[in-house]
Each structure stands twice: as C-alpha cells, then as structure tokens.
Amino acid sequence: MFLALLGRSLARHRALIGALAALLSAFQILDIVAAYNLQENAIYSQFAALVPAFIQEAMGGALVGSLMGAIAIGFVHPLVMLSLSCVAIYIASEPAGEVEDGLVDLVVARPVPRFFMVTRSAVAFAGGTAAIVAAMFATSRITVHWLTPATAAAVPASRLAWVAANLLAIVWCFGAGALALASHTRQRTHAAGTVALAAVSLYLLQFAAAAWAPLRPFARVSPFHYYDTMRTLTATVTPMGNVAGLTTAMLALLGVAYTLYGRRDL
Amino acid sequence: MPDAIRTESLTKYFGSVVAIEALNLTVAPGEIYGFLGPNGAGKTTTIRILLDLVRPTSGRAWVDGLDCRSASLTVRRRIGYLPAEMPLYREMTGARYLDFLAALESRPIDLAYRRQLLSRFDVSDVDLGRRLDHLSHGMKRKFGIIQALMGHPPLLILDEPTSGLDPLMIEAFAETVQDLKREGRTTIFLSSHVLSEVERLCDRVGIIRRGRLVRQTSISDLRRDTPRRLRVFFDGPAPSLPSSLAAALRRSGARHWELEWPGPLGGALDAMRGLPVADIEIDPFKLEDYVLKIYSGTDGDPE
C-alpha cells in the first residue's frame, strides 16, 4: 500500500526530478570545464580581483578564485541551491495539492493511514532531491577526474560528499517546511509559494549578512548560514554539526507535519 | 446486529458556517438508503465524516458499530466510496487507475468481479488503455463507480452515482444495485438528486435541509401516507360533495372535482359509489413532489 502511494508520487514528479538532475549535472560539467580553462590560461587571480570581497566571502572566501572553488560553485551557486530547494518544496507540497484536487478523497477513503501520506511525501522529496544531488556529485567527480586528475586527488570524494550532504540537509529543511505547511493548508500554491519565498528571503539574508555585519546575528535563522563549502572542501572543518543541526530542524518540521495532517479536515 | 450506519447528534461547523447540526440517522444492514437534500444541505459533509476525512465538531458516527473516528481504518476497510466530484489522476490510464486504487485496498480485489463490472458498464480494453483526461465525463464516472464497487465492500457510499451517465448506463447501475440487494450482503448509502432513481432503488430515505435531518422514512410508508391527487370527471354537472370527501377537496369545476386523498384510495372510491362518475385520473406517487415540498420548506415543518 505504501509503496503504491510512493510510486505514484515519484511517477508524478519524475519528469521534474529527471530534468533538474540533467540540468544541474550539465551545470557541473560546464562549471568545471570553464574553471579548467581559467586555470590553463592562468587568469584566476584576475578573476578573483573582479569579485568584490563580500561576494567572495558569501561564496566561500578566497578559494572562489581557484579550481577547487569552481568545483564548489557547482554546489554553492544560488541557482543550484534554490532550484534544488524549490524542487523539494514542490514535491513536499503534494498533500495540499491532493486536498485541492480532491484526490485525497479517493485515497484516504480507503484504509490508508493518514501518516502514510506525510511519510510518502517526506520520502519522495528527500529521495528525489538525494537522487539529483547524487547525480551532481557523480558528474562532478567524473568531470574532475577526466580533466584534472591531480585536482581530483586533492579534493577527496569524502570531502565533496560532505558538501553534498550539507547541501541536501539545507534542501530537506525547506522540503520539511513545505510539508508542514502543506499539511495544514488546502492550496498547493500557498504551501509551495510561501516556503519558496522564505527560501529566497533566507538566502538573501545570509548573503546580505556577509556584506553588512549588523545582519549577522539574524543570519543564524537561515539554513544557508550552516553551509561552509570551502572550509569543508579544504578539510578545515567537517560539517557534522551543521548537518546534524539542519537534520534536527527537518525532523522537527516533519513532526509538525505529522501532527497537523493527523488533526486536519481533508 | 449493529446498524450499518448510525450518527448521534452529529454536528459540524466550518468556522461560523453550520454544515450539519444534531444529525441523528440510522441505516440498517442490507438497506439501500437514499440521502437527499438540496445543494449545500450537508450531505457530502456527513459522508466525509463517516469516512473520517472531516472531523465532527461534536457528536459521533458509527459504521457497523465501529466509531468512525477511533476505529477509522477498520471502518474504511468496509467502505467503497464514490465521491460526487470524481477526482482523477489525469495522466493515468483507466487500467492503471483501477490497479493503483486496488493496491490501496486492504484485501485482494476479485478480478473476475472487476471484469464483470467493466463488461456491465461497457468499458472496453481500448477505454482501459486510454488516459483518463482523454475520456468523456460519463466514462470517467463509470471508472468511479467501478473503483467503488470492485472491492465488494459491505458498505457502499455513493455520492451522485449516475450524474453524467447515459440512460443505458443508468440502467446498468440500477441492475448492479438490485443484484447487490438480492445478495443481501451490501448496504448502500446513496446520495442523489435523481429522485426517480432514489424512489426506484431505495428502501428508505433521509432528507436533510440546512444541516438538519428533517425526515427519515421508508419509501413504502411514504407511498402509503402521501396524499394522492385524484381528478374525478362527471357525465353531467358535478354533484354535491359527500361529507366524507369534503376535507379532501382542493378544487371543483362545473363537471369535475380535484381531490387530495391521504391513505388507501378505497375510502375515496367507496364515497363515490352511486355518483355519475365518467372518469377518474389518479396521479401516481412521486417522491419528487414530496421531496420538493420539503426542500422548499412548504411541507408545513418549521425546520
């Protein structure tokens, strides 16, 4: 019964998941090829000089102007982070869509426990985005190995895997937030739109905080605050604390989703 | 044996809007029960409470003696449901749709029975292979009926089952209901605006208006108790009215009377014995007349 529900949800979203996986994997290739060319022509230092300090800071510090920085950009670029977040948010908002379309009448009128609906959506958004990030990770590793084997050795897979895990934890936070809201509201656009807007705002908050010190305390509420790509890649830190914190927030939001869905009128 | 459906003081408010209020109804096992009411009267809300899709503000509901809230899963195992607005996974084919819904049932679907239903409702293999969003409204409705019936549940809740069906398919639906009635294992709770269909199929009806159950009675009692309209025509001028018919007179003309007679007609015919009656027209009992009076609030009941 649960697998039937999950299969249906993944089938409904497979085009979206597949398309974003292809796009972001292509982005990894383009990013690394462009970085390789910059390195070949030795113009990284000129490139770094063009980028304002606060943007460098927001994007990971001095390593922005390096091949390793370019590898990281595949995982830290705002378009990458926000598009992944939006996919998670859209998939997670399915319960509200089912109420809106009346499909819930067909499914929950059968002996399907309500918590199955939330679990199904949680597994779908987590699994869907994990598949996309796995594709990005694999593409990045293959491209780096192909172009610059020496750099590939300098950035072990385990470091990049931590970056990917940290990114996934952020994305899952937004997915869980959307699921919590979708477990309460009757309109998918309301659930997805609100959380997507929150994701963009929280990204901008983190970005602005890098440029303007008074905002820094507030940036702590942004999941993007807990994403330190460059220092993770250079093995300065292992983002275990960040991933654990973000995962805890996600689990709390999932708890809210289960509670709200269990109590609501469908 | 517990009632197939029972509600006790069932009340649901949506904010300040009263959907149903103090609803008490009972449906006996094996009965075909017509749940009637104008649009917005609270029929669908009642059905959705039975299915635990909506939680009551107060009061309780039971199916086969099981609380619809606390034993929700067990209750839903016993119900086959056809919603009024047929929700569809538009991208699915008919066959996949039925398979998907069968996978959500707690017991295996009898495929032979499903094939029998498909055949009765004239759904071909070609129709089964077409995407649902490419099907006509009537064909979608057929899939709705089949998905509700295919699990052979002990309780069927059908909300506007024949809306959009052609006369042949309405007949197929009626035959299916009658077959189920003959088998005696299925209780059917049917909400419909097609009153002729309700009159033909149902054993009892409950009529809901503005969230309150205003009548619950059997069709046979209704037939017996509802005043019948008679038009009596005479060979010459209408004679003077016998005293036993005085209360029944609604209108009189130069050569005819119009009467409304409650109860068995024998009494009225006896009273006319010896009069120069040329012809009598008796309107057949029509549930529609009775129900429309209640819907419009002209039945004399303040609620």
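The rules we used
- Position numbers for residues count from 1 along each chain, tracking the sequence in the order it is written.
- The naming scheme follows written order: chains are lettered A onward, ligands numbered 1 onward.
- Per-residue local features of the predicted model are confined to residues with pLDDT of at least 70, and side-chain atom pairs are confined, for both listing and counting, to 80 or more; whole-chain, interface and lining totals are unaffected and use all residues.
- Here a helix means four or more residues in a row that DSSP labels H or I, a strand means two or more in a row labelled E, and each is numbered from the N terminus.
- In this description, a residue-residue contact is defined by the distance between C-beta atoms placed from the backbone, which must lie within 7 Å.
- Computation of the radius of gyration draws on C-alpha atoms alone. For the globule rule, the value is 2.2 Å times the number of residues to the power 0.38.
- Whether a residue is buried, exposed or partly exposed follows from its count of other C-beta atoms within 10 Å of its own C-beta, namely 20 or more, 12 or fewer, or something in between, respectively; the C-beta atoms are built from the backbone.
- In this description, a nonpolar core means buried residues of the types Ala, Val, Leu, Ile, Met, Phe, Trp, Tyr and Cys, linked to one another by C-beta atoms lying within 7 Å.
- Gly counts as polar in this scheme, as do all residues outside two lists: the nonpolar Ala, Val, Leu, Ile, Met, Phe, Trp, Tyr, Cys and Pro, and the charged Asp, Glu, Lys and Arg.
- When DSSP finds two or more bridges between a pair of strands, those strands are recorded as paired.
- You can read pLDDT as the predictor saying how much it trusts each residue, on a scale of 0 to 100.
- Angles here are taken between N-to-C directions and fall from 0 to 180 degrees, while the axes themselves are lines fitted to C-alpha atoms, restricted in helices to the stretch in contact.

(A) Representation of the overall build of chain B within the structure. Broken down by element type, chain B carries eleven helices and 14 strands. Taken along its principal axes, the extent of the C-alpha atoms in chain B is 70 × 45 × 35 Å. For chain B, long-range pairs separated by at least 24 residues make up 70% of all intrachain contacts whose partners lie at least 6 apart in sequence.

(B) Local environment of the overall build of chain A. Along the backbone of chain A there are 13 helices and zero strands. Listed by position from the N terminus, the elements making up chain A come as α-α-α-α-α-α-α-α-α-α-α-α-α. In terms of C-alpha radius of gyration, chain A reaches 20 Å, essentially the compact-globule figure of 18 Å for 266 residues. When its C-alpha atoms are laid out on the principal axes, chain A stretches across 65 × 45 × 25 Å. The proportion of buried residues among the 266 residues of chain A is 48%.

(C) Highlighting the nonpolar core. In this structure, Ala88(A), Ile89(A), Leu167(A), Ala178(A), Leu179(A) and Phe189(B) are the most contacted members of the largest nonpolar core, which totals 144 residues. No other element matches the 18 residues that helix 10 (residues 157-182) of chain A contributes to this core. Those residues within four positions of Leu167(A) in sequence are excluded, and the remaining contacts are Phe75(A), Met81(A), Val133(A) and Tyr227(A). Of all hydrophobic cores here, the second largest spans six residues; its members include Ala248(B), Trp257(B), Leu259(B) and Ala268(B).

(D) View of the interface of chain B and chain A. In this assembly, 19 residues from chain B lie in contact with 17 residues from chain A. The residue inventory of the side of chain B that touches chain A, partitioned by class, reads 13 nonpolar, one polar and five charged.

(E) Looking closely at unusual backbone geometry. Residue and element names in this part refer to chain B. Unlike most non-glycine residues, Asp 64 shows phi in positive territory, near 50°. Of note, Asp 64 is situated in the loop between strand 4 (58-63) and strand 5 (66-67). The class of Asp 64 is partly exposed, set by 19 C-beta atoms lying within 10 Å. Positive phi is not limited to glycine here, since Asp 122 has a value of about 55°. Within the fold, Asp 122 resides in the loop between helix 4 (111-120) and helix 5 (125-129). You can call Asp 122 partly exposed: it has 13 C-beta atoms within 10 Å.

(F) The pairing of strand 11 (residues 228-234) of chain B, seen in detail. Residue and element names in this part refer to chain B. Relative to strand 13 (residues 256-261), strand 11 runs antiparallel, the two being bridged by six bridges. The residue of strand 13 that forms the bridge with Arg 228 is Trp 261. Direction of pairing for strand 11 relative to strand 14 (residues 277-282): antiparallel, over a ladder of five bridges. In the sheet register, Phe 234 faces strand 14, and the bridge partner there is Val 277.

(G) Here's a closer look at the environment of Leu36(B). With respect to the helices and strands, the residue Leu36(B) is situated in strand 3 (residues 32-36). When sequence neighbours within four positions are dropped, the list of residues in contact with Leu36(B) reads Val198(B), Val205(B), Ile207(B) and Val291(B).

(H) View of the pairing of strand 12 (residues 249-252) of chain B. All names here are of chain B. Sheet topology note: the strand 12/strand 13 ladder contains three bridges and is antiparallel. Bridging across to strand 13, Ser 252 finds its partner in Trp 257. Taken together, strand 12 and the strand that follows it, strand 13, pair antiparallel across an intervening segment of three residues.

(I) Highlighting the confidence of the model for chain A. On average, residues of chain A score 89 in pLDDT, and 92% of them are at 70 or above. Put simply, helix 3 (residues 53-58) of chain A is where chain A has its lowest mean pLDDT, 68, and helix 5 (residues 78-92) of chain A is where it has its highest, 96.

(J) Here's a closer look at the sheet that holds strand 2 (residues 17-27) of chain B. Residue and element names in this part refer to chain B. Read across the open sheet, the four strands follow the order 2-1-4-5; overall the sheet is antiparallel. One side of each edge strand has no neighbouring strand; the edge strands of this open sheet are strand 2 and strand 5. Summarising the sheet, strand 1 (residues 5-14) and strand 4 pair through five bridges and their orientation is antiparallel. What sits directly across from Arg 6, in strand 4, is Trp 62. Sitting on the sheet, helix 1 (residues 43-50) is in contact with strand 1, strand 2 and strand 4, with an inclination near 115° to strand 1.

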